[in-house]
Amino acid sequence: MTLSHSASGGDYGSVTANLHINVQNICERMDALSSNGKTCNLSSKKITSLNSGDFDGLSNLQKLYLNNNKLSGLPEDVFNGLSKLRNLRLSNNDLSSLPEDIFAGLSKLQN
């Protein structure tokens, strides 16, 4: 993503600056994404919270391992866009309650 800013007037004439931003999902930031983009292993990474959008851009993800962390809750839309997800591990966290429709859209999950 590129943000552009322009200013003019005063003694500046015309000044333009670009800021390039590389937005990565949590799997990329934590170097946990497999080379084929189908598995994200975030187990035992001491994760205490997740944000909406942490899994953006991972529409081919099939396996997501979040076990053995310190998660106490999850945003209701954290799994949006993960329609190909087959395996989700959340064991050994501190989850006390989950939003009612947290797993809506994850119809391919297997036991």
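Described below are features of the structure shown in this document. Keep in mind the model is a prediction, meaning the values are calculated, not measured.

Before going further, it helps to examine the sheet that holds strand 4 (residues 63-65). The strand order across the open sheet formed by 3 strands is 3-4-5, and the pairing between neighbours is parallel. Among the strands making up the open sheet, the edge pair consists of strand 3 (39-41) and strand 5 (87-89). Strand after strand, the sheet turns through a mean of 5 degrees between neighbouring axes, direction not considered. Of the pairings in the sheet, the one linking strand 4 to strand 5 comprises 3 bridges and is parallel in character. Looking across to strand 5, one finds that Lys63 is bridged to Asn87.

A few words on the state of the cysteines. Tallied over the entire structure, the rule returns 1 disulfide. Here Cys27 pairs with Cys40 through a disulfide, and the sulfurs are 2.1 Å apart. Sign of the S-S torsion, about -105 degrees for the bond between Cys27 and Cys40, identifies this disulfide as left-handed. Of this pair, Cys27 sits in helix 1 (residues 26-29) while Cys40 sits in strand 3, and the two are 13 residues apart along the sequence. Here the two residues Cys27 and Cys40 agree in accessibility, since each one is buried.

It is worth spelling out the nonpolar core at this point. Core analysis: the biggest nonpolar cluster contains 22 residues, and Leu42, Leu50, Phe55, Leu64, Leu66, Phe79 and Leu82 have the highest contact counts within it. Ignoring sequence-local partners within four residues, the contact set of Leu64 consists of Cys40, Leu42, Phe55, Phe79, Leu82, Leu85, Asn87, Leu88 and Arg89.

Basis of the calculations
- Residues numbered from 1 in each chain as written.
- Predicted model: local features only at pLDDT ≥ 70, side-chain atom pairs only at ≥ 80, totals over all residues.
- Heavy atoms only, no water.
- Pairing = 2+ DSSP bridges.
- Helix = DSSP H or I, 4+ residues; strand = E, 2+ residues; numbered from the N terminus.
- Axes fitted to C-alpha atoms, helices over the stretch in contact; angles between N-to-C directions.
- Disulfide = S-S within 2.5 Å.
- Buried < 20%, exposed > 50% of the residue type's maximum accessible area, 1.4 Å probe, protein only.
- Core = buried A, V, L, I, M, F, W, Y, C linked by side-chain atoms within 4.5 Å.
- Contact = heavy atoms within 4.5 Å.

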